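Tertiary structure, described
What follows is the residue order along each chain.
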Amino acid sequence: MEKSNFPITNWSEDDKPREKLMLKGKDALSDAELIAILIGSGSRDESAVDLSKRILSSIGGLNSLTKLSISQLMKFKGIGEAKAITIISALELGRRRRKLDDAPELKKITSSKIAFEIMRPIIGELFHEEFWVLFLNNSNKVIAKSQLSKGGITGTIVDVRIVYKLAIENGATGLILCHNHPSGSLKPSDADKQITRKLKLAGDSLDVKVLDHLIITESKYYSFVDEGIF
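Residues numbered from 1 in each chain as written. Predicted model: local features only at pLDDT ≥ 70, side-chain atom pairs only at ≥ 80, totals over all residues. Heavy atoms only, no water.

So, the sheet that holds strand E5 (residues 221-223)
The pairing of strands in a sheet happens through backbone hydrogen bonds and is either parallel or antiparallel. The five strands are arranged E2-E1-E3-E4-E5 in an open sheet whose pairing can be described as mixed. The open sheet has two free edges, formed respectively by strand E2 (142-150) and E5, since each of these has just one partner strand. Averaged over neighbouring strand pairs, the angle between their axes works out to 20° when direction is ignored. Taken strand by strand, helix H7 (residues 112-123) contacts strand E1 (130-136), E2, strand E3 (174-180), strand E4 (209-216) and E5, and its axis lies near 50° from that of E4. (Pairing = 2+ DSSP bridges. Helix = DSSP H or I, 4+ residues; strand = E, 2+ residues; numbered from the N terminus. Axes fitted to C-alpha atoms, helices over the stretch in contact; angles between N-to-C directions. Contact = heavy atoms within 4.5 Å.)

Structure (structure tokens):
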């Protein structure tokens, strides 16, 4: 049986993303060319670059690729289990790299947007809900951040005692509460408002202020302070 794979080494010079990366650097490659390197080979009728372009075009771009599961990727002709796993692994490494970036720890929080920029890479694209707290010092600089709970699609449970135990351990004088809404809705639920009031009340007695509560989605956020709920 004739092989259907069409290796990158057999492409014309203009279609070799690996060679292009070596000669011109990673910034010279398009999203499709980078994905093509992960895929490695296409078919007799379609190169890896063309396959990558087809995938990106059908889902609306690179950002949507991060949301696809192995089975969803395998629905594209030319993507088997091994290739799907390779793509997902590479995207997950990128997400973890952003999560581990220490630079935001030194940032001073002067607006809700800065807090959003710190937390969006961590929880903005998740399919489940997570509740995090940013711990701030007297200068409103982030000295620590911690995941308080991890739940399902519709909610999480937050233990007030753990929040303030961590605040005291870190010497924090201020908190910014953050959680994501996988549904994409920015509207705070009654439970969101209730836990905010509960944490704010507890903080007042310990002289640790709750400065804001952010609801975060993939590209937008809702600030309790900005919206006048505090």
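What about the side chain of threonine 196?
Note on placement: threonine 196 falls in helix H9 (residues 190-206). Using a relative accessible area of 4% as the deciding quantity, one classes threonine 196 as buried. What threonine 196 contacts, discounting residues up to four positions off in sequence, is Leu177, His213, Phe224 and Phe230. (Buried < 20%, exposed > 50% of the residue type's maximum accessible area, 1.4 Å probe, protein only.)

Topic: the pairing of E3
Within E3, seven of the seven residues are buried, which leaves the element mostly enclosed by the surrounding structure. Sheet topology note: the E1/E3 ladder contains six bridges and is antiparallel. Bridging from a neighbouring strand, leucine 134 pairs with isoleucine 176 of E3. When E3 meets E4, the two strands line up parallel, connected through seven bridges. Among the inter-strand pairings, histidine 179 is bridged to a residue of E4, identified as isoleucine 215. On the question of chirality, the crossover connecting E3 to the parallel E4 by way of H9 is right-handed. (Right-handed = clockwise from strand over helix to strand, strands pointing away.)

Looking at the confidence of the model for the protein
On average, residues of the protein score 88 in pLDDT, and 88% of them reach the 70 mark or higher. Across the protein, the element-wise mean pLDDT spans from 88 in helix H4 (residues 62-65) up to 98 in E5. (pLDDT = per-residue confidence, 0-100.)

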